[in-house]
Amino acid sequence: MNEEAAEIQRYEVPVELESDEGEVFQFSQQMVTTFDEHHVYLRFYQVVPPAVDVSGQPPEKIGARLVARLIWPAAGLPSLVQALQEAGQKYELATGPQLAWEPGVEEAP
């Protein structure tokens with residue numbers, strides 16, 4: 001194979017994002033991450049606390065409903081983290097410091 005054939009041409013093409021108007025968003029406050037050699041997997045769950053038991057004892061467990069799954073290229077993880085950090089900074093500039101509540105984020109075994 002000659003050098004010309006081996007050269008890869010790159011093009012920049014704008015991406016036209018589809019509108020999410022009319023879509024229903026799902027609330028999530030629990031996330032589980034896993035990964036393999038090429039991808040990072042994000043699973044978002046919605047936790048709905050059960051009604052308080054009259055005994056006053058906490059429940060043994062609380063169910064969480066899967067509301068979204070994402071697969072992200074591992075090579076793009078730094079740009080995803082940067083975008084989320086920038087969004088968080090802009091949010092705090094617009095709304096002020098937030099309470100120190102953190103949603104559940106864990107790496108699956």
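To keep things clear, this report deals only with the structure shown in the data block. The structure presented is a predicted model; accordingly, all values stated were derived computationally and were not measured.

Some thoughts on the overall build of the protein chain
Line of reasoning, step 1. In terms of helices and strands, the protein chain carries 2 helices and 4 strands.
Line of reasoning, step 2. Traced from its N-terminal end to its C-terminal end, the protein chain shows the element sequence α-β-β-β-α-β.
Line of reasoning, step 3. Evaluated residue by residue, the protein chain yields a buried proportion of 13% over its 109 residues.
Line of reasoning, step 4. Nonlocal contacts in the protein chain, meaning residues at least 24 apart in sequence, comprise 47% of its contacts between residues at least 6 apart.
Line of reasoning, step 5. Counting only carbon and sulfur atoms, one obtains 57% of the accessible surface of the protein chain, whose full area is about 10400 Å².

Concerning helix H2 (residues 77-95)
Quick reminder: α-helices carry 3.6 residues per turn. Residues three or four places apart thus point the same way.
Line of reasoning, step 1. Over its 19 residues, H2 extends 27 Å from the first C-alpha to the last, a length consistent with the 27 Å expected when each residue adds 1.5 Å.
Line of reasoning, step 2. Just beyond H2, the residue with positive phi is glycine 96, at close to 90°.

A short note on the pairing of strand S1 (residues 30-35)
Line of reasoning, step 1. As judged from the 6 bridges shared by S1 and strand S2 (residues 39-47), these two strands associate in the antiparallel manner. Paired with glutamine 30 across the strands is tyrosine 45, a residue of S2.
Line of reasoning, step 2. If you look at the hairpin formed by S1 and S2, you'll find 3 residues sitting between the two strands.

Analysis parameters
Residues numbered from 1 in each chain as written. Predicted model: local features only at pLDDT ≥ 70, side-chain atom pairs only at ≥ 80, totals over all residues. Heavy atoms only, no water. Helix = DSSP H or I, 4+ residues; strand = E, 2+ residues; numbered from the N terminus. Buried < 20%, exposed > 50% of the residue type's maximum accessible area, 1.4 Å probe, protein only. Contact = heavy atoms within 4.5 Å. Areas by Shrake-Rupley, 256 points an atom, 1.4 Å probe, with all protein chains shown as cover. Expected span 1.5 Å × (residues − 1). Pairing = 2+ DSSP bridges.

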